[in-house]
Amino acid sequence: MATVTEFINQDLSRARFRNVDLTRAQIRGVVLDNAEIDGYITGLTVNGVEIEPLVEAELNRRYPDRAKMKPTDLAGYREAWTILEKLWAGTVDRARRLPPEQLHERVDDEYSFIETLRHLLFATDAWVLRAILGNPSPWSPLDLPHDEMPPMPGVLPCDRTARPSLDEVLALRADRMATVRRVLDDIDLDATTTPVTAPGYPGPNAYPVRRCLGAVLNEEWEHRLFAERDLDTLTGR
(Lines give C-alpha, C1' and ligand atoms only; values in the text may rest on other atoms or scores of the structure.)
Protein backbone atom coordinates (compact mmCIF):
# COMPACT_ATOMS: atom_id res chain seq x y z
CA MET A 1 0.00 0.00 0.00
CA ALA A 2 1.33 3.45 -0.92
CA THR A 3 2.35 5.70 1.93
CA VAL A 4 -0.07 8.54 2.58
CA THR A 5 1.84 11.80 2.60
CA GLU A 6 0.30 14.96 3.99
CA PHE A 7 1.37 18.53 3.33
CA ILE A 8 -0.36 20.82 5.82
CA ASN A 9 0.28 24.57 6.00
CA GLN A 10 3.22 24.20 3.63
CA ASP A 11 4.43 26.75 1.13
CA LEU A 12 4.84 24.86 -2.15
CA SER A 13 4.91 27.95 -4.32
CA ARG A 14 7.27 27.52 -7.28
CA ALA A 15 7.54 23.77 -6.50
CA ARG A 16 8.04 21.45 -9.47
CA PHE A 17 6.66 17.93 -9.71
CA ARG A 18 7.89 15.71 -12.53
CA ASN A 19 6.71 12.16 -13.30
CA VAL A 20 4.69 11.98 -10.07
CA ASP A 21 1.61 9.84 -9.38
CA LEU A 22 -1.18 11.87 -7.76
CA THR A 23 -3.89 9.21 -8.11
CA ARG A 24 -6.66 9.87 -5.52
CA ALA A 25 -4.78 12.85 -4.14
CA GLN A 26 -6.88 15.39 -2.24
CA ILE A 27 -5.83 19.01 -2.45
CA ARG A 28 -7.99 21.38 -0.43
CA GLY A 29 -7.79 24.96 0.70
CA VAL A 30 -5.13 25.69 -1.92
CA VAL A 31 -4.17 28.75 -3.90
CA LEU A 32 -3.52 27.85 -7.55
CA ASP A 33 -2.44 31.21 -8.92
CA ASN A 34 -0.80 30.94 -12.35
CA ALA A 35 -0.17 27.23 -11.75
CA GLU A 36 0.34 24.84 -14.65
CA ILE A 37 -0.69 21.18 -14.82
CA ASP A 38 0.34 19.10 -17.82
CA GLY A 39 -0.30 15.36 -17.97
CA TYR A 40 -2.84 12.56 -18.15
CA ILE A 41 -5.98 13.85 -16.43
CA THR A 42 -9.09 11.77 -15.79
CA GLY A 43 -11.77 12.10 -13.11
CA LEU A 44 -10.34 15.39 -11.79
CA THR A 45 -12.77 17.70 -10.01
CA VAL A 46 -12.04 21.31 -9.10
CA ASN A 47 -14.47 23.02 -6.73
CA GLY A 48 -17.00 20.29 -7.44
CA VAL A 49 -16.70 20.56 -11.24
CA GLU A 50 -15.38 17.58 -13.23
CA ILE A 51 -12.61 19.04 -15.34
CA GLU A 52 -11.73 16.30 -17.83
CA PRO A 53 -14.69 16.82 -20.22
CA LEU A 54 -14.05 20.56 -20.26
CA VAL A 55 -10.35 20.09 -21.00
CA GLU A 56 -11.04 17.50 -23.70
CA ALA A 57 -13.61 19.71 -25.40
CA GLU A 58 -11.29 22.73 -25.38
CA LEU A 59 -8.31 20.77 -26.70
CA ASN A 60 -10.42 19.34 -29.51
CA ARG A 61 -11.65 22.85 -30.31
CA ARG A 62 -8.09 24.17 -30.49
CA TYR A 63 -6.82 21.21 -32.47
CA PRO A 64 -9.57 19.87 -34.76
CA ASP A 65 -7.42 16.88 -35.79
CA ARG A 66 -6.88 15.77 -32.19
CA ALA A 67 -10.03 13.63 -32.02
CA LYS A 68 -8.76 11.68 -35.03
CA MET A 69 -5.83 10.42 -32.95
CA LYS A 70 -8.20 7.89 -31.35
CA PRO A 71 -9.32 5.96 -34.43
CA THR A 72 -11.55 2.90 -34.35
CA ASP A 73 -10.77 1.28 -37.72
CA LEU A 74 -7.82 0.84 -40.04
CA ALA A 75 -8.88 3.70 -42.31
CA GLY A 76 -8.90 5.95 -39.25
CA TYR A 77 -5.38 4.90 -38.26
CA ARG A 78 -4.13 5.60 -41.78
CA GLU A 79 -5.81 9.01 -41.75
CA ALA A 80 -4.29 9.80 -38.35
CA TRP A 81 -0.81 8.87 -39.60
CA THR A 82 -1.23 11.04 -42.71
CA ILE A 83 -2.19 13.96 -40.47
CA LEU A 84 0.87 13.43 -38.28
CA GLU A 85 3.19 13.22 -41.28
CA LYS A 86 1.85 16.55 -42.57
CA LEU A 87 1.98 18.28 -39.18
CA TRP A 88 5.51 17.10 -38.44
CA ALA A 89 6.68 18.27 -41.87
CA GLY A 90 5.56 21.78 -40.96
CA THR A 91 7.20 21.61 -37.53
CA VAL A 92 10.49 20.43 -39.03
CA ASP A 93 10.41 23.24 -41.60
CA ARG A 94 9.98 25.67 -38.73
CA ALA A 95 12.87 24.14 -36.79
CA ARG A 96 15.19 24.47 -39.80
CA ARG A 97 14.90 28.25 -39.54
CA LEU A 98 16.75 28.18 -36.21
CA PRO A 99 20.52 27.98 -35.81
CA PRO A 100 21.55 24.30 -35.52
CA GLU A 101 22.86 24.74 -31.97
CA GLN A 102 19.43 25.87 -30.77
CA LEU A 103 17.95 22.52 -31.80
CA HIS A 104 19.98 20.98 -28.97
CA GLU A 105 18.82 23.58 -26.47
CA ARG A 106 16.36 22.58 -23.77
CA VAL A 107 13.50 24.85 -22.72
CA ASP A 108 12.48 24.58 -19.07
CA ASP A 109 14.48 21.33 -18.86
CA GLU A 110 12.24 19.58 -21.38
CA TYR A 111 13.57 17.63 -24.37
CA SER A 112 15.39 19.68 -26.96
CA PHE A 113 14.02 19.46 -30.49
CA ILE A 114 16.63 16.87 -31.46
CA GLU A 115 15.98 14.90 -28.27
CA THR A 116 12.26 14.92 -29.04
CA LEU A 117 12.89 13.32 -32.43
CA ARG A 118 15.26 10.80 -30.85
CA HIS A 119 12.63 9.87 -28.28
CA LEU A 120 10.07 9.31 -31.04
CA LEU A 121 12.55 6.99 -32.74
CA PHE A 122 12.62 4.97 -29.54
CA ALA A 123 8.82 4.91 -29.27
CA THR A 124 8.43 3.61 -32.82
CA ASP A 125 11.20 1.06 -32.40
CA ALA A 126 9.63 -0.18 -29.17
CA TRP A 127 5.97 -0.42 -30.12
CA VAL A 128 6.12 -1.09 -33.86
CA LEU A 129 9.44 -2.70 -34.75
CA ARG A 130 9.77 -4.72 -31.55
CA ALA A 131 6.26 -5.33 -30.23
CA ILE A 132 4.37 -5.64 -33.54
CA LEU A 133 7.06 -6.81 -35.98
CA GLY A 134 8.95 -8.94 -33.47
CA ASN A 135 12.43 -7.46 -33.93
CA PRO A 136 14.07 -8.15 -30.54
CA SER A 137 16.63 -5.34 -30.87
CA PRO A 138 15.53 -2.69 -33.38
CA TRP A 139 17.33 0.18 -31.69
CA SER A 140 19.41 2.87 -33.29
CA PRO A 141 22.29 4.21 -31.15
CA LEU A 142 20.43 7.54 -31.27
CA ASP A 143 17.22 6.19 -29.73
CA LEU A 144 16.37 8.04 -26.52
CA PRO A 145 14.22 6.21 -23.92
CA HIS A 146 11.97 8.14 -21.57
CA ASP A 147 13.78 9.60 -18.56
CA GLU A 148 12.10 7.42 -15.94
CA MET A 149 13.11 4.16 -17.60
CA PRO A 150 15.69 2.20 -15.55
CA PRO A 151 19.01 1.85 -17.41
CA MET A 152 19.51 -1.36 -19.38
CA PRO A 153 23.24 -1.26 -20.30
CA GLY A 154 24.10 -3.36 -23.31
CA VAL A 155 20.42 -3.76 -24.17
CA LEU A 156 18.93 -0.32 -24.76
CA PRO A 157 20.85 2.71 -26.06
CA CYS A 158 20.74 5.78 -23.86
CA ASP A 159 23.39 8.26 -24.99
CA ARG A 160 22.12 11.53 -23.58
CA THR A 161 25.32 13.31 -24.60
CA ALA A 162 24.96 12.62 -28.34
CA ARG A 163 24.62 15.69 -30.55
CA PRO A 164 23.54 14.41 -33.97
CA SER A 165 22.58 16.81 -36.72
CA LEU A 166 18.96 17.38 -37.63
CA ASP A 167 19.42 15.69 -40.99
CA GLU A 168 20.99 12.64 -39.36
CA VAL A 169 18.01 12.17 -37.08
CA LEU A 170 15.49 12.93 -39.82
CA ALA A 171 16.96 10.19 -42.00
CA LEU A 172 16.19 7.68 -39.25
CA ARG A 173 12.77 9.24 -38.71
CA ALA A 174 11.91 8.87 -42.40
CA ASP A 175 12.78 5.19 -42.25
CA ARG A 176 10.68 4.58 -39.12
CA MET A 177 7.70 6.58 -40.34
CA ALA A 178 7.73 4.64 -43.62
CA THR A 179 7.73 1.42 -41.59
CA VAL A 180 4.63 2.53 -39.71
CA ARG A 181 2.96 3.34 -43.03
CA ARG A 182 3.75 -0.16 -44.33
CA VAL A 183 2.37 -1.75 -41.16
CA LEU A 184 -0.86 0.22 -41.56
CA ASP A 185 -1.20 -1.05 -45.12
CA ASP A 186 -1.94 -4.56 -43.88
CA ILE A 187 -2.50 -5.36 -40.21
CA ASP A 188 -5.22 -6.92 -38.11
CA LEU A 189 -6.21 -4.33 -35.53
CA ASP A 190 -7.91 -6.94 -33.40
CA ALA A 191 -4.82 -9.14 -33.14
CA THR A 192 -2.37 -9.35 -30.27
CA THR A 193 1.38 -9.38 -30.63
CA THR A 194 3.65 -12.37 -30.11
CA PRO A 195 5.73 -11.83 -26.95
CA VAL A 196 9.37 -10.93 -27.58
CA THR A 197 11.36 -12.73 -24.90
CA ALA A 198 14.73 -11.05 -25.52
CA PRO A 199 15.61 -8.30 -23.01
CA GLY A 200 14.34 -4.89 -24.01
CA TYR A 201 11.30 -2.67 -23.97
CA PRO A 202 8.40 -3.31 -23.88
CA GLY A 203 8.58 -6.47 -21.80
CA PRO A 204 7.77 -10.02 -22.97
CA ASN A 205 3.98 -9.74 -23.09
CA ALA A 206 1.29 -10.10 -25.72
CA TYR A 207 -0.04 -6.61 -26.45
CA PRO A 208 -3.18 -5.63 -28.36
CA VAL A 209 -2.12 -4.20 -31.71
CA ARG A 210 -4.43 -1.26 -31.06
CA ARG A 211 -2.52 -0.45 -27.88
CA CYS A 212 0.82 -0.48 -29.71
CA LEU A 213 -0.37 1.77 -32.50
CA GLY A 214 -2.24 4.00 -30.07
CA ALA A 215 0.93 4.52 -28.05
CA VAL A 216 2.77 5.70 -31.16
CA LEU A 217 -0.05 8.03 -32.23
CA ASN A 218 -0.19 9.57 -28.77
CA GLU A 219 3.58 10.05 -28.56
CA GLU A 220 3.71 11.66 -32.01
CA TRP A 221 0.79 14.00 -31.30
CA GLU A 222 1.78 15.16 -27.84
CA HIS A 223 5.49 15.58 -28.50
CA ARG A 224 4.84 17.67 -31.59
CA LEU A 225 2.78 20.06 -29.49
CA PHE A 226 5.60 20.20 -26.93
CA ALA A 227 8.07 20.87 -29.74
CA GLU A 228 5.93 23.68 -31.15
CA ARG A 229 5.61 25.22 -27.69
CA ASP A 230 9.36 25.21 -27.22
CA LEU A 231 10.03 26.48 -30.73
CA ASP A 232 7.90 29.50 -29.79
CA THR A 233 10.30 30.17 -26.91
CA LEU A 234 13.45 29.56 -28.94
CA THR A 235 12.21 31.79 -31.75
CA GLY A 236 11.51 34.53 -29.22
CA ARG A 237 15.09 34.38 -28.03
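Quick caveat, the model's predicted, so the values are computed rather than measured. (Residues numbered from 1 in each chain as written. Predicted model: local features only at pLDDT ≥ 70, side-chain atom pairs only at ≥ 80, totals over all residues. Heavy atoms only, no water.)

1. Re the environment of Trp 221
Test applied: To qualify as a helix, a DSSP run of H or I must reach at least 4 residues; to qualify as a strand, a run of E must reach at least 2; elements of each kind are numbered from the N terminus. Two residues form a contact once any of their heavy atoms are found within 4.5 Å.
Relative to the assigned elements, Trp 221 resides in helix α5 (residues 209-236). For the pair formed by Trp 221 and Arg 97, sequence separation is 124 residues and the distance between their alpha carbons is 22 Å. When neighbours within four sequence positions are excluded, Trp 221 is seen to be in contact with Tyr 63, Asp 65, Arg 66, Met 69, Leu 84 and Leu 87.

2. Description of the packing of aromatic side chains
Cut-off, in case you're wondering: Any two rings among Phe, Tyr and Trp, with Trp reduced to its six-membered ring, count as a pair given centres within 6.5 Å; such a pair is stacked if its planes are under 30 degrees apart, edge-to-face if over 60, and tilted if neither. For a lysine, the NZ atom is tested; for an arginine, the CZ atom; a charge sits over a ring if that atom is within 6 Å of the ring centre and within 35 degrees of the ring normal.
This structure, assessed with the given rule, holds 6 aromatic pairs. When the ring of Tyr 63 is compared with that of Trp 221, the centres are 6.1 Å apart and the planes differ by 85°; the resulting orientation is edge-to-face. Remark: Trp 221 occurs in helix α5 and Tyr 63 occurs in the loop between α1 (52-62) and α2 (74-96); sequence separation between them is 158 residues. In this structure an aromatic cluster arises from ring pairing among Phe 122, Trp 127, Trp 139, Tyr 201 and Tyr 207. The ring of Trp 88 is capped by Arg 173, whose NZ or CZ atom sits 5.2 Å from the centre of that ring.

3. Let's talk about the packing of helix α3 (residues 113-130) against α5
Here is the rule: Here, axes are lines fitted to C-alpha atoms. For helices the fit covers the stretch in contact, and angles between N-to-C directions go from 0 to 180 degrees. Oblique is the label for every angle not falling under 35 degrees (roughly parallel), over 145 degrees (roughly antiparallel), or within 65 to 115 degrees (roughly perpendicular). Only Asp, Glu, Lys and Arg are considered charged, only Ala, Val, Leu, Ile, Met, Phe, Trp, Tyr, Cys and Pro nonpolar, and every remaining residue, Gly among them, polar.
Interaxial distance between α3 and α5 falls to 10 Å at its minimum, and their mutual angle equals 175°. In this view, α3 runs roughly antiparallel relative to α5, as classed from their interaxial angle. Residue-level inspection shows Phe 113, Thr 116, His 119, Leu 120, Ala 123, Thr 124, Trp 127 and Val 128 of α3 in contact with α5, the latter providing Arg 211, Cys 212, Ala 215, Val 216, Glu 219, Glu 220, His 223, Ala 227 and Leu 231. Along the lines of polarity and charge, the residues of the contact of α3 with α5 split into 10 nonpolar, 4 polar and 3 charged.

4. Looking at the environment of Gln 26
Its location among the elements puts Gln 26 in the segment before β1 (45-46). Spatially, the C-alpha atoms of Gln 26 and Glu 148 are 25 Å apart, while their sequence positions differ by 122 residues.

5. Notes on the side chain of Ser 112
Heads up, the condition is: Burial here depends on accessible area, computed with a 1.4 Å probe over protein chains only, as a share of the maximum for the residue type. Under 20% is buried, over 50% is exposed, and the range in between is partly exposed.
Turning to its location among the elements, Ser 112 is positioned in the loop between α2 and α3. The buried category is assigned to Ser 112, whose relative accessible area is 1%. Ser 112 has contacts with Leu 103, His 104, Glu 105 and Arg 106, leaving out every residue within four places of it along the chain.

6. Let's talk about the packing of α2 against α3
Between two packed helices, the angle of one axis relative to the other and the distance separating the axes together describe the packing. The line we're drawing: By the definition used in this description, the sense in which the near helix is turned from the far one sets the handedness, with an anticlockwise turn below a right angle giving left-handed and a clockwise turn giving right-handed.
At a minimum axis separation of 12 Å, α2 and α3 run at an interaxial angle of 150°. Regarding the angle of α2 to α3, the classification is roughly antiparallel. Between α2 and α3 the crossing geometry is left-handed. Here Trp 88, Thr 91, Val 92 and Ala 95 of α2 lie close against α3, whose contacting residues are Phe 113, Thr 116, Leu 117 and Leu 120. Taken together, the residues of the contact of α2 with α3 sort by class into 6 nonpolar, 2 polar and no charged.

This is a description of form; function is not addressed.
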